[in-house]
Amino acid sequence: MKKLALIAALSGAFLSTNALAWGNAGHRIVGAIADNLIKGSNAEKQVKALLQPGEDLEKIANWADCVKGTFCGPQTQEMNDYVAAHPKHSEYHYTDVPFQLTEYHLHGAGTSEHDVVQVLQQCIAALQGKGDGKFTKRQALLILTHLAGDIHQPLHVGAAFVDKEGKFVVPKSDKEIDSLNIFDSRGGNNLQMDEAALAAASTKSGIPAGDEAPSKYPTKPFHSYWDTTVVDYAMRRSSMRTVDKFSQWAIDGKPVVTLPKGDAITWPEQWANDSLVAAKQAYADVKVGVASKQTSRNGESYTVWAMTVPDSYPVPSSALAREQLIKGGYNLAGLLQKIWP
């Protein structure tokens, strides 16, 4: 099959460990689906009691990204207080389990005590009235709503590690990720895509054209592709170009979403395991190419790689993104109803 060539970045502009999973629209879709599904329930009543007038799950879905200070305008006092109390908050959004694995295990390679699974569990405990005081109930709802979207983005759970021969490998521990024999691709941020070739492939795949301005950058991180591009493609392919229309379209389709079983506190780990299944699909047929060294704005040297994926990749990847977004909304609603029957 003819391949779409993806080349290394020309600068460190995109390097970020604080990527916006699903981007603004994707998170709002997850929140909007959940808003609709909990209507009339006790969960809706409890959510409203914690939110301010005019807020709903869709509107707060990006709050945990907004506190980073670069996406949503001036910070509120509530945001400043949260950031001061949570210096590692930017690390709450992901875990880095090797995508080849089938299960999340705390203390395994790429996991931490403040990764997305652990923080979701802490938020759930807070909403159940069993928390340790790390989060107020309002903070727990704000963070949980966002992280329920994050954990369904495959690259926010399944991570790629690359050896010096340019092959995907599975480190057994964090100590093996030494940037000499095994490199961390930083959630796919260091795997770079050729923007022009990607646009051509999407057109060839029959994805309707968008109205966005051409990118001024020659490359796109693979992680960024999964954060935003696949969401855009999913919305274009459904012919639903707004969050509200796409969310209602998703619900009207009556998707079959199997919710986790057991206590609510176990749900995040089950979500992570499901996202590992999706991550294997996201990395299917992805090939690592030539490596090169880059230097970030703070002077850090790191490795980036060229990639290849099938020309048809925009179609299955956007279909998978659509499935994960819908799962995110249904799982968020189901979790809130589990916490507040």
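Here, the structure is the one placed above.
All figures in this text were calculated on a predicted structure; none of them were measured in a lab.

**Quick look at the sheet that holds strand S4 (residues 161-163)**
To summarise the sheet geometry, strands pair through backbone hydrogen bonds and adopt either a parallel or an antiparallel arrangement. Taking strand neighbours across the sheet as the criterion, the 3 strands line up as S5-S4-S6 in an open arrangement whose pairing is antiparallel. In this open sheet, the two strands that pair with only one neighbour each are strand S5 (168-169) and strand S6 (182-184). The pairing of S4 with S6 spans 3 bridges and is classified as antiparallel. Residue pairing in the sheet places Val162 in a bridge with Phe183 of S6.

**Description of unusual backbone geometry**
Phi is positive for His107, which is not a glycine, with a value near 80°. Among the residues examined, His107 registers a relative accessible area of 66% and is labelled exposed. We note that Asp285 has phi near 70°; this positive angle belongs to a residue other than glycine. Its place among the elements puts Asp285 in the loop between helix H11 (267-282) and strand S9 (287-295). A relative accessible area of 44% means that Asp285 is categorised as partly exposed.

**A short note on the pattern of salt bridges**
Using the criterion set out here, one finds 12 salt bridges in the structure. Here Asp232 and Arg236 are joined by a salt bridge, their closest N and O atoms 2.5 Å apart. With Asp232 and Arg236 both in helix H9 (residues 222-238), this residue pair falls 4 residues apart, about one helical turn. Take Asp232: its relative accessible area is 29%, and that puts it in the partly exposed class. Classification of Arg236 by relative accessible area gives buried; the value is 5%.

**Overview of helix H10 (residues 243-252)**
If you check which residues of H10 are buried, you get Val243, Phe246, Ser247, Ala250 and Ile251. Angular distribution of buried residues about the axis of H10 spans 135°; they occupy a single face of the element. Summarising the contacts, the buried residues of H10 are in contact with helix H1 (23-37), helix H3 (57-60), H9 and helix H12 (314-339). Note on H10: the residue one or two positions beyond its end, Lys254, has a positive phi of about 50°.

About the cut-offs
- Residues numbered from 1 in each chain as written.
- Predicted model: local features only at pLDDT ≥ 70, side-chain atom pairs only at ≥ 80, totals over all residues.
- Heavy atoms only, no water.
- Pairing = 2+ DSSP bridges.
- Helix = DSSP H or I, 4+ residues; strand = E, 2+ residues; numbered from the N terminus.
- Buried < 20%, exposed > 50% of the residue type's maximum accessible area, 1.4 Å probe, protein only.
- Salt bridge = Lys/Arg side-chain N within 4 Å of Asp/Glu carboxyl O.
- Arc of directions from axis to C-beta.
- Contact = heavy atoms within 4.5 Å.

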